[in-house]
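# Fold and geometry: a report
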Amino acid sequence: MSLTASDVKKIAHLARLGIDELDIEAYTHDLSGMLNLMVQMSDLNTDGIEPMAHPMEQGQRLRTDEVTERDQHKQFQAIAPQVDSGLYLVPKVIE
Amino acid sequence: MHTKTIIELAQGLRAGDFSSVELTQTFLNRIKQYDTLNAYITVTEDLALQTAQAADLKLATGEANLLTGIPIAQKDIFCTQGVKTSCGSKMLDNFLAPYNATVIEKFNTAGAVMLGKLNMDEFAMGSSNENSYYGAVKNPWDLNAVPGGSSGGSAAAVAAGLAVCATGTDTGGSIRQPASHCGITGLKPTYGRVSRYGMIAYASSLDQGGPMTRSAEDAAIVLQAMAGFDPKDSTSVDCAVPDYLAGLNTSLQGLSIGLPKEFFGEGLAPDVAAVIEAAIKEYQKLGAIIKEISIPNLNLAIPAYYVIASAECSANLSRFDGVRFGYRCKDPVDLTDLYVRSRGEAFGKEVKRRILMGTYALSAGYYDAYYLKAQKVRRLIAEDFKRALQEVDVIMGPVAPSVAFGIGEKINNPIEMYLSDIYTIAINLAGLPAMSVPAGFAQHKPVGLHIIGNYFAEQRLLNIAHQYQKITDWHQKSPKGFE
C-alpha cells in the first residue's frame, strides 16, 4: 500500500495543514510506511466483533441542565491573537 | 536532600530540620546547575517560593498533609493558570493557560510546591523527547542517550534529582518507557482513574495521567493526590479510591505472575531479557508463582494503535486553528490561508505525520478499512488481556525492547521508533494500569520491569513494586554527576 505525492497534498488540504513542497516526498514515504504497518490488520478476521471505542465501555454521563460556567470571555480572549469588541477577528470571509 | 523519599521529607519538614522554602531553594539551585539536561521548559521560581512560604505556614499550624511543601514538577501538558503551558509545541509557545487542570488543582489543594513545567515530545507524540520545540532532553545516565518519551523531561528531572516527583501522561507508553530508560518508577493508571480535564488531549480514548517518582511508596502518595472521579471529565470513572499507602505491605505469597511468551520473543535485547529474568527470580523468592501465558494478538497492537491514536489526534488538534489562542501566522490573505499556514508553521514533523495519517484514516471511503478495523482489533487485544488476567494476578515483562538509544539514532526513521513501543502500547488499547519499576542495568543504562494489573488494581501494583523495592536498591541509584 503506498500513497502518491498528490494523495498527500489532498490529505494535507483536508487537514488544512501547510506542508513545505520540499517535504512532500518524505511525508509520502513515511505515510506509505505507516500504511504498510496498518494493513497487517487485514490478516485478522474480525467478522462479528463489536468495535471498542472506550476501554470502560462507558456511555455518556448525563447531568441536570444547570448553568455551571460563568462568563469568562475577557479572560479567554486575553490570549487570542486578535479580538475586537468581544469578537475574534479573522481575515474577511465575505466581500 | 534530593534523594529523600516524600515521607522522609515530610518528617524533616515537621521536625524543623528544614523548611519548605529551603527545600524548594535546594531544588531550584539544582535545576539551574543541571540545566544542560533541558528537562524543564519553564521554571516557576517566584511562584514556587511563594507556595513554599504558604506551605511552611500550613505546616506550622498543623494543617498539612504528606505533600504539603514538597517540590513537584508538572509535565507541560497540564494547564496551569497564568503559566505558560506549551505542550512542547511552537503552537502553544505563547499560551498562558486561563484555567487549571484538575490534576493541578488537586496538587494545589494538597499544598505541593510546583517548581515548573517539564519538557516533553510535542503534544506527547514521540518516544524519545526529540520532538520537542524546545529541544531534546538528555538522559542523566548517558548524556548522549534519549530519556525516552513523551514524558522525557519528567523522567530526567526525577532521575537527576531536579524534583522530588513529577507527573507524566501515557498514551502509548509515555510514562513507562521514559521511567524505564531513566531508572525511575512510573505508573500509568487505569483509563478513567485520573481526570483528563485540562490535560491537553492527544488521543482521548488512550491518554491517562500518572505519577513518576523515585519509589513505589512515593508513587502511592502522588497517585493518591491525583486519582478520583471528576465531573468535568466525561470519561472519568466514578469508583472509590483506596488508600494506596495502606496496601503497600501486603504479602506476595502465592501471587501468580503471568509471562506472555510474546513479550520475550524476537526483538528483545538479550541484556534486557537477562535483567527481567533476574527480577522475576526475586519475585519467586517473595513467594510468587510463575506461569507462561499468551497475548495472541499482541503483534497487531502497533498497527491498531497508530490508526486510533492518529485518528483521534487529527480530530483533537483541529482546535489549533490560529483563531482563538496559540500561534497565528503573519498577514494571512484569507481564512484558509490563516488555518493552513498557522498550523503548517507551528506544528513539528511528527505531529504533522500523525495528523495526516489520522485525516487519511478517517476520510471518506477509508473509515471502515482503518478506524473501524482498528477498533475491532482493539477489542480482541483487550479480550486477550482480560482472559490472561483471569488466569494470573499480574503480568510481567520488559517495558522496552532495549535500553535508551542514542539521541539522533532513530529520529529519521519513524516506523522504527514506533516499533520500540511494542510492549507498552497494547496496555493503553486495553485501558489497563501498568508500572515500570527499576530492575537493573544493561550497558550501564537502566532497565525497567513492566508490571501490568487488572482494571483499578493500582493498589496491588504499587504493593508488588514496593515489596520488590524493599529487597532491591535499583530505585535508589543515582546517575553519576548528579549524586
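Since the structure is predicted, the reported quantities are computational estimates derived from the model, not experimental observations.

### Comments concerning the overall build of chain B
Each helix and strand counted, chain B has 15 helices and 11 strands in total. Computed over the C-alpha atoms, the radius of gyration of chain B is 21 Å, within 12% of the 23 Å expected from 2.2 N^0.38 for a compact globule of 483 residues. Expressed along its principal axes, the backbone C-alpha trace of chain B runs to roughly 65 × 55 × 45 Å. Taking all 483 residues of chain B together, the buried fraction comes to 66%. Pairs at least 24 residues apart make up 76% of the contacts formed inside chain B by residues separated by at least 6 positions. With an accessible surface of roughly 15300 Å², chain B has 50% of that area assigned to carbon and sulfur atoms. With 43 positive and 47 negative side-chain charges, chain B shows a separation of 2 Å between the mean positions of the two kinds.

### Comments concerning the interface of chain B and chain A
Contacts between the two partners involve 70 residues from chain B and, on the opposite side, 49 residues from chain A. Regarding the contact of chain B and chain A, the summed buried area is about 5300 Å², with carbon and sulfur atoms giving 70% of it. A per-residue breakdown of the area chain B buries against chain A is headed by B:Leu356, B:Lys373 and B:Arg379, which together make up 13% of the total. One can count one salt bridge joining chain B with chain A. With a closest N to O distance of 2.9 Å, B:Arg353 and A:Asp30 form a salt bridge. Summed over the shared surface of chain B and chain A, the result is 15 residue pairs in polar contact (both at pLDDT 80 or more). At the level of secondary structure, the elements contributing two or more residues to the side of chain B that touches chain A comprise α9 (301–316), α10 (335–346), α11 (349–362), α12 (367–391), α13 (414–419) and α14 (422–430) of chain B.

### What about the UniProt feature "active site" (unreviewed entry) in chain B?
Residues and elements named next belong to chain B. Following the UniProt record, one finds the feature "active site" (unreviewed entry) at Lys75, Ser150 and Ser174. Their sequence span is 100 residues, while the largest C-alpha to C-alpha distance among them is just 11.2 Å; these annotated residues converge on one region. In the annotated group above, the largest cavity draws its lining from Ser174. Within the secondary structure, Lys75 sits in strand β2 (residues 71–75). When near neighbours in sequence (up to four residues on either side) are disregarded, Lys75 contacts Lys117, Leu118, Met120, Ala124, Ser150, Ser151, Ser154, Thr167, Gly168, Thr169 and Ser174. Among the polar contacts made by the side chain of Lys75, one reaches the side chain of Ser151 at a distance of 2.9 Å. Examined against the element boundaries, Ser150 turns out to sit in the loop between β3 (113–118) and α5 (152–159). When near neighbours in sequence (up to four residues on either side) are disregarded, Ser150 contacts Lys75, Asn119, Met120, Asp121, Ala124, Met125, Gly126, Asn129, Thr169 and Ser174. Here the side chain of Ser150 touches Lys75 through a polar contact of 2.8 Å, side chain to side chain.

### So, the packing of aromatic side chains
Residue and element names in this part refer to chain B. The tally for this structure, following the rule as stated, stands at 18 aromatic pairs over all chains. On the numbers, 5.8 Å between centres and 55° between planes, the contact of Tyr360 with Tyr370 is tilted. Of this pair, Tyr360 sits in helix α11 while Tyr370 sits in helix α12; the two residues are 10 residues apart in sequence, bridging distant segments of the chain. Grouped by ring-pair contacts, the aromatic residues Phe95, Phe123, Phe320, Phe325 and Phe347 constitute a single cluster. It is Lys410 that lies over the ring of Phe405; its NZ or CZ is 4.4 Å from the centre.

### Focus on the packing of α11(B) against α12(B)
Residues and elements named next belong to chain B. Remark: α11 packs on α12, axes separated minimally by 7 Å, with the N-to-C direction vectors making an angle of 105°. Considering their axes alone, α11 and α12 lie roughly perpendicular with respect to each other. Contacts from Tyr360, Ala361 and Leu362 of α11 reach α12 at Tyr367, Tyr370 and Tyr371. Here the residues of the contact of α11 with α12 sort into six nonpolar, no polar and no charged.

### What about the side chain of B:Thr44?
Residues and elements named next belong to chain B. Relative to the helices and strands, Thr44 is located in the loop between β1 (40–43) and α3 (45–61). Of the polar contacts made by the side chain of Thr44, one reaches the backbone nitrogen of Gly116; its length is 3.5 Å. Sequence-distant contacts of Thr44, defined by excluding residues within four places in its chain, comprise Val83, Met114, Leu115 and Gly116.

How each quantity is defined
- Residues numbered from 1 in each chain as written.
- Chains lettered and ligands numbered in written order.
- Predicted model: local features only at pLDDT ≥ 70, side-chain atom pairs only at ≥ 80, totals over all residues.
- Heavy atoms only, no water.
- Helix = DSSP H or I, 4+ residues; strand = E, 2+ residues; numbered from the N terminus.
- Rg over C-alpha atoms; globule rule 2.2 N^0.38 Å.
- Buried < 20%, exposed > 50% of the residue type's maximum accessible area, 1.4 Å probe, protein only.
- Contact = heavy atoms within 4.5 Å.
- Areas by Shrake-Rupley, 256 points an atom, 1.4 Å probe, with all protein chains shown as cover.
- Lys, Arg positive; Asp, Glu negative; His and termini not counted.
- Charge placed at Lys NZ, Arg CZ, Asp CG, Glu CD.
- Buried area = accessible area lost by both parts, 1.4 Å probe.
- Salt bridge = Lys/Arg side-chain N within 4 Å of Asp/Glu carboxyl O.
- Polar contact = N/O pair within 3.5 Å; in protein donor to acceptor, adjacent residues only side chain to side chain.
- UniProt positions renumbered as here; feature names shortened; annotations may be inferred.
- 1 Å grid on protein atoms, 1.4 Å probe; cavity = no way out; pocket = protein on both sides within 12 Å on 5 of 7 lines; lining within 4 Å.
- Phe/Tyr/Trp six-rings, centres within 6.5 Å; stacked < 30°, edge-to-face > 60°.
- Lys NZ or Arg CZ within 6 Å of the ring centre and 35° of its normal.
- Axes fitted to C-alpha atoms, helices over the stretch in contact; angles between N-to-C directions.
- Parallel < 35°, antiparallel > 145°, perpendicular 65-115°, else oblique.
- Nonpolar A, V, L, I, M, F, W, Y, C, P; charged D, E, K, R; others polar.

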